[in-house]
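Report on the structure
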Amino acid sequence: MAERSQTAPEAGNDMGNDDAIGGNVSKYIVLPTGYCGQPKKGHLIFDACFESGNLGRVDHVSEFEYDLFIRPDTCNPRFRVWFNFTVENVKESQRVIFNIVNFSKTKSLYRDGMAPMVKSTSRPKWQRLPPKNVYYYRCPDHRKNYVMSFAFCFDREEDIYQFAYCYPYTYTRFQHYLDSLQKRNMDYFFREQLGQSVQQRQLDLLTITSPDNLREGAERKVVFITGRVHPGETPSSFVCQGIIDFLVSQHPIARVLREYLVFKIAPMLNPDGVYLGNYRCSLMGFDLNRHWLDPSPWAHPTLHGVKQLIIQMYNDPKTSLEFYIDIHAHSTMMNGFMYGNIFEDEERFQRQAIFPKLLCQNAEDFSYLHRTPDSVPSLVWVMKIESSTSFNRDAVKAGTGRRFLGGLLDHTSYCYTLEVSFYSYIVSGTTAAVPYTEEAYMKLGRNVARTFLDYYRLNSMVEKVAIPMPRLRATEERSSGGEPPSCLRTWSEPEALGTSMTTGCEPASIGTVTSHGIWNVLALPYLLDSSPTPSVVHPT
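In short, a report on the structure. (Residues numbered from 1 in each chain as written. Predicted model: local features only at pLDDT ≥ 70, side-chain atom pairs only at ≥ 80, totals over all residues. Heavy atoms only, no water.)

1. Describing the overall build of the protein chain
Check the secondary structure of the protein chain and you find 13 helices and 22 strands. Counting only residues that meet the buried cut, the protein chain has 58% of its 540 residues in that class. Contacts spanning at least 24 positions in sequence make up 73% of the contacts within the protein chain whose residues lie at least 6 apart. When the accessible area of the protein chain is evaluated, it comes to approximately 22700 Å², of which 51% is carbon and sulfur surface. (Helix = DSSP H or I, 4+ residues; strand = E, 2+ residues; numbered from the N terminus. Buried < 20%, exposed > 50% of the residue type's maximum accessible area, 1.4 Å probe, protein only. Contact = heavy atoms within 4.5 Å. Areas by Shrake-Rupley, 256 points an atom, 1.4 Å probe, with all protein chains shown as cover.)

2. Quick word on the pattern of salt bridges
Across all of its chains, the model carries 13 salt bridges by this definition. Close ionic contact of Glu 439 with Arg 446 constitutes a salt bridge, the shortest N to O distance being 2.8 Å. (Salt bridge = Lys/Arg side-chain N within 4 Å of Asp/Glu carboxyl O.)

3. A look at the packing of aromatic side chains
Applying the stated rule across the entire model yields 44 aromatic pairs. A centroid spacing of 5.6 Å and a plane angle of 80° characterise the contact between Phe 98 and Phe 150, whose relative ring orientation is edge-to-face. Highlighted residues: Phe 98 in strand β6 (residues 94-103) and Phe 150 in strand β10 (residues 146-154), separated in sequence by 52 residues. Side by side, Phe 98 and Phe 150 carry an identical accessibility label, which is buried. Consider the rings of Tyr 167 and Phe 238, whose centres lie 6.2 Å apart with planes at 75°: the pair is edge-to-face. Of this pair, Tyr 167 sits in the loop between β11 (161-164) and α1 (171-182) while Phe 238 sits in helix α2 (residues 235-247), and the two are 71 residues apart along the sequence. Owing to a relative accessible area of 6%, Tyr 167 belongs among the buried residues under this scheme. With relative accessibility at 0%, the residue Phe 238 sits in the buried group. It is Arg 201 that lies over the ring of Tyr 275; its NZ or CZ is 3.8 Å from the centre. For Arg 348, the ring lying beneath its charged end belongs to Phe 343, and the centroid distance is 3.9 Å. (Phe/Tyr/Trp six-rings, centres within 6.5 Å; stacked < 30°, edge-to-face > 60°. Lys NZ or Arg CZ within 6 Å of the ring centre and 35° of its normal.)

4. Here's the deal with the side chain of Asn 270
With respect to the helices, strands and loops of the structure, Asn 270 is situated in the loop between β15 (262-266) and α4 (271-276). Excluding its chain neighbours within four sequence positions, the residues that come into contact with Asn 270 are Arg 228, Val 229, Pro 231, Arg 280, Cys 281, Ser 282 and Leu 288.

5. Some words on the sheet that holds strand β20 (residues 414-421)
Taking strand neighbours across the sheet as the criterion, the seven strands line up as β12-β13-β15-β14-β16-β20-β17 in an open arrangement whose pairing is mixed. One side of each edge strand has no neighbouring strand; the edge strands of this open sheet are β12 (189-196) and β17 (336-339). Neighbour-to-neighbour, the strand axes of the sheet open up by a mean angle of 20°, direction not taken into account. By the bridge criterion, five bridges tie strand β14 (residues 220-227) to β15 in an arrangement that is parallel. The partner of Phe 224 across the bridge, within β15, is Lys 264. This element, α2, spans β13 (202-208), β14, β15, β16 (319-330) and β20 of the sheet and lies at about 140° to β16. Here helix α5 (residues 301-314) sits on the sheet and contacts β12, β13, β14, β15 and β16; the angle it forms with β14, its principal contact strand, is near 165°. (Pairing = 2+ DSSP bridges. Axes fitted to C-alpha atoms, helices over the stretch in contact; angles between N-to-C directions.)

6. Considering the sheet that holds strand β3 (residues 57-60)
Spatial strand order, β3-β4-β6-β10-β9: five strands in an open sheet with mixed pairing. Either end of the sheet is taken by a strand with one partner, and the two such strands are β3 and β9 (134-138). The average angle at which neighbouring strand axes cross in this sheet is 25°, direction not considered. Where strand β4 (residues 65-69) and β6 come together, four bridges link them in parallel fashion. Within β6, the residue paired with Leu 68 across the bridge is Ile 100.

7. Examining the pairing of strand β5 (residues 84-88)
Most of β5 is tucked away, with five of its five residues classed as buried. Both β5 and β11 contribute to a ladder of four bridges, which runs antiparallel. Bridge pairing in β11 links Asn 84 to Ala 164.

8. Observations regarding the packing of α1 against α2
How two helices sit against one another is set out by the angle between their axes and by the gap between those axes. Between α1 and α2, the shortest axis-to-axis distance is 13 Å and the interhelical angle comes to 0°. Here α1 is positioned roughly parallel relative to α2, judged by the angle of their axes. Counted together, Arg 173, Tyr 177 and Leu 181 of α1 and Phe 238, Gln 241, Ile 244 and Asp 245 of α2 form the full contact between these two elements. Partitioned by chemical class, the residues of the contact of α1 with α2 number four nonpolar, one polar and two charged. (Parallel < 35°, antiparallel > 145°, perpendicular 65-115°, else oblique. Nonpolar A, V, L, I, M, F, W, Y, C, P; charged D, E, K, R; others polar.)

9. Side note on the nonpolar core
Counting residues in each nonpolar core, the largest one holds 103 residues, and the members touching the most others are Phe 46, Phe 98, Phe 154, Phe 163, Tyr 165, Leu 257 and Phe 452. Counting residues per element, this core draws most heavily on helix α11 (residues 438-455), at eight residues. In this view, Phe 154 contacts Leu 44, Val 87, Val 90, Lys 91, Glu 92, Ser 93, Gln 94, Val 96, Phe 98, Tyr 161 and Phe 163; residues no more than four positions away in its chain are not counted. Ranked by size, the runner-up nonpolar core spans 21 residues in total, among them Leu 203, Val 262, Ala 266 and Cys 415. (Core = buried A, V, L, I, M, F, W, Y, C linked by side-chain atoms within 4.5 Å.)

In structure tokens:
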């Protein structure tokens, strides 16, 4: 069993101790202890100095094993969950074990089959590693922190490999997406800059509605949606994009919704945290979803801007703010589900449950009756509300958007937190977990949008709407092979949600026991689709 050195690190490996992690590794070459000379093939080079990257330190344990340390959120050492880094200078068939040793969370879906994401320059589509090669456990060698270990085999020397906690969704990707929507010149899509972050990144506000609803004096029913207040919760952005894609489409349901409702969407409340690769906090170390009560215009400028807009709409007699939905991702629960608020008025409490019930009928991955990872059914909506009474009255949680706005707005408004699992969902009537894909997250977003049609009982209006030929973007035409994009297909049509990563052979034993003593085999070769792909990929 390999032993970790208790001596000072060698030159070239002086990453300091655990408490000293202050930045990301940058093209960091990991050399064996005592090695002198030029790096050779197989001396791995780690890098996280790119947008949304996170890896603070690497320790060489043995020829096959490396300890990796997550960089804590900026100005807040409490949060260490998100990781996103690249590895290069590999040898073909080089087998390794990576131990991510300083997770701040005790519970994790890694115990229930979740696995890290991986892609490479020749295979740029994200895939999950095989769950049987992933272990999550408490380790006495690392201050009893929880450790996630995974085995891997590099199979192409020329490739750069990238590993991440979940599908990355960067600030730059988000800006390019909004730019592409703006170029379509849709008269029902409006983009404005509501403010800027501490580091001067844009706080974008989208308005999606018929121009008639924005005429002076027109009465408006508003649905307000926010996302990515916690920057590491990347599924939030995919769900939000699914909502937006559907609402701007020519689907008859989307056209009816635009005529009847005004959708206000702030998809990225924490752009600095997203850019920096934080999990929970802003640049200055604040959990923004605890500062709704009194956001500072200089410390929490994005939150302050959104709150001011909501209060302005609330005070407008022509505007009825009917829904507020804040989208998050959950690290320990399966499926999508919602949190609501406690009301002393029983009728209002029951009315609040209508939207989640309708969403459950439209989305197979959304739970009104929740399934825990071991497939034991339990009430999610009622259970979450009733068992979380102390949660809802806790002074700290009062700073969340759902709690604050639920207390501010009147009885006609409903505020929810929409949570979606980082890992998977379990379809009703089955016990098998289906891992989420980017497309599956976006499909949930489309179903959230569709549910407003059922809530407002507008189904009869859909039949009166003619279906024009959809205008596809070039990227949609290429990806769909001439078929309508998924958001425009018939809603009853089943959609493939992707398959889990497959490999071409069984694990190859090399008779090595790790320093943690948890297995004696190493990784599956990374054998994925070998179809021609671009030879260069940049970290996302």
